Every structure is written in C-alpha cells, then in structure tokens.
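# Structure assessment
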Amino acid sequence: MRADDLARASNFSPIEPVTFVLHGDEINLFKRDNYQSNQMLVDLAARLDAFKVIDVRVCETWLRDNQVAATDLPPFVELVPFGPSFQAGLQQSGAIPF
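In this report, the structure presented in the accompanying data block is examined. Keep in mind that this is a model prediction, so the values were computed, not measured.

## Considerations on the layout of surface pockets
Volume-wise, the second largest pocket comes out at about 460 Å³. Around the second largest pocket, the lining is made up of 17 residues, and of these Val18, Thr19, Leu90, Ala95 and Ile96 lie nearest the centre. In terms of residue count, the dominant contributor to the lining of the second largest pocket is strand S1 (residues 18-22) (five residues). Across the lining of the second largest pocket, the residue classes tally to eleven nonpolar, three polar and three charged.

Shown next, in the form of structure tokens:
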C-alpha cells in the first residue's frame, strides 16, 4: 500500500522497482485458487508491477516443494531458482533490505 501511495504521488519517478522475493507460505496469496480471497492484493501488485514500481519474484524451490505449478500464479510474477540466494545476491549488489 505504501508503494501504491508513492506511485500516485505526482513527483514520484521510480529509478528501480522495489523487488519482493517470496520464498514462503506468502506465495499462496498469489495462487489462482486463492484469487477471490486476495483479489485486492493481487490486482494491486499487478498494477504496481505494470508501472515498474515493484517486481515480484517467487522461489521455484518453494513451488516444487509445495506442489504448486508456476501456471497457478499470475503472469506478472517472475520465478527465481532459490529465493534466499536471489535475495542475498540483491543485497550484495547494494539493494537495501526492509
């Protein structure tokens, strides 16, 4: 919601999107079967992704371990092989965790 508020500000111009690396049960929020329950969140994330305010990445290892197919997720979600390693790589390249 804070990212949406920033994106709506007239002077906001993102240099780089905020990257969300999901590698736990929070991924379930984005599953097609759960869309109706989480529609507001998923639609907001899709809109912010389209405007390059955020970038949502999901751990393929978690998907495999939890029998979730990538096709069960919205198309704006990008996959990374292993979320914690991807997150560590972002931090090594200067990203600031929050």
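Further notes follow.
## Details of the pairing of S1
Across five bridges, the pairing between S1 and strand S2 (residues 54-59) is parallel. Bridging from a neighbouring strand, Val18 pairs with Ile54 of S2. As a crossover connection, the stretch from S1 through helix H2 (residues 35-50) into S2 is right-handed.

## Here we look at the packing of aromatic side chains
This structure, assessed with the given rule, holds one aromatic pair. Centre to centre, the rings of Phe30 and Phe76 are 6.3 Å apart; their planes meet at 75°, and the pair counts as edge-to-face. Residue Phe30 is located in the loop between S1 and H2, and its partner Phe76 is located in the loop between helix H3 (60-65) and strand S3 (78-80); the two are separated by 46 residues in the primary sequence. Among the residues examined, Phe30 registers a relative accessible area of 9% and is labelled buried.

## Examining unusual backbone geometry
Despite not being glycine, Lys52 has its phi angle at roughly 60°, a positive value. Residues other than glycine seldom take positive phi values, yet Gln67 does so here, at roughly 50°. Structurally, the position occupied by Gln67 is in the loop between H3 and S3. Looking at Gln67, the relative accessible area reads 68%, which means it is exposed.

## Describing the side chain of Asp49
Looking at where Asp49 falls in the secondary structure, it is placed in helix H2. Comment: no salt bridge for buried Asp49; closest opposite-charge side chain is Lys52, at 6.0 Å. When neighbours within four sequence positions are excluded, Asp49 is seen to be in contact with Ile54, Asp55, Val56 and Phe76.

The rules behind the values
- Residues numbered from 1 in each chain as written.
- Predicted model: local features only at pLDDT ≥ 70, side-chain atom pairs only at ≥ 80, totals over all residues.
- Heavy atoms only, no water.
- 1 Å grid on protein atoms, 1.4 Å probe; cavity = no way out; pocket = protein on both sides within 12 Å on 5 of 7 lines; lining within 4 Å.
- Points joined across faces, edges and corners; volume = space filled by probe spheres on them.
- Helix = DSSP H or I, 4+ residues; strand = E, 2+ residues; numbered from the N terminus.
- Nonpolar A, V, L, I, M, F, W, Y, C, P; charged D, E, K, R; others polar.
- Pairing = 2+ DSSP bridges.
- Right-handed = clockwise from strand over helix to strand, strands pointing away.
- Phe/Tyr/Trp six-rings, centres within 6.5 Å; stacked < 30°, edge-to-face > 60°.
- Buried < 20%, exposed > 50% of the residue type's maximum accessible area, 1.4 Å probe, protein only.
- Lys, Arg positive; Asp, Glu negative; His and termini not counted.
- Salt bridge = Lys/Arg side-chain N within 4 Å of Asp/Glu carboxyl O.
- Contact = heavy atoms within 4.5 Å.

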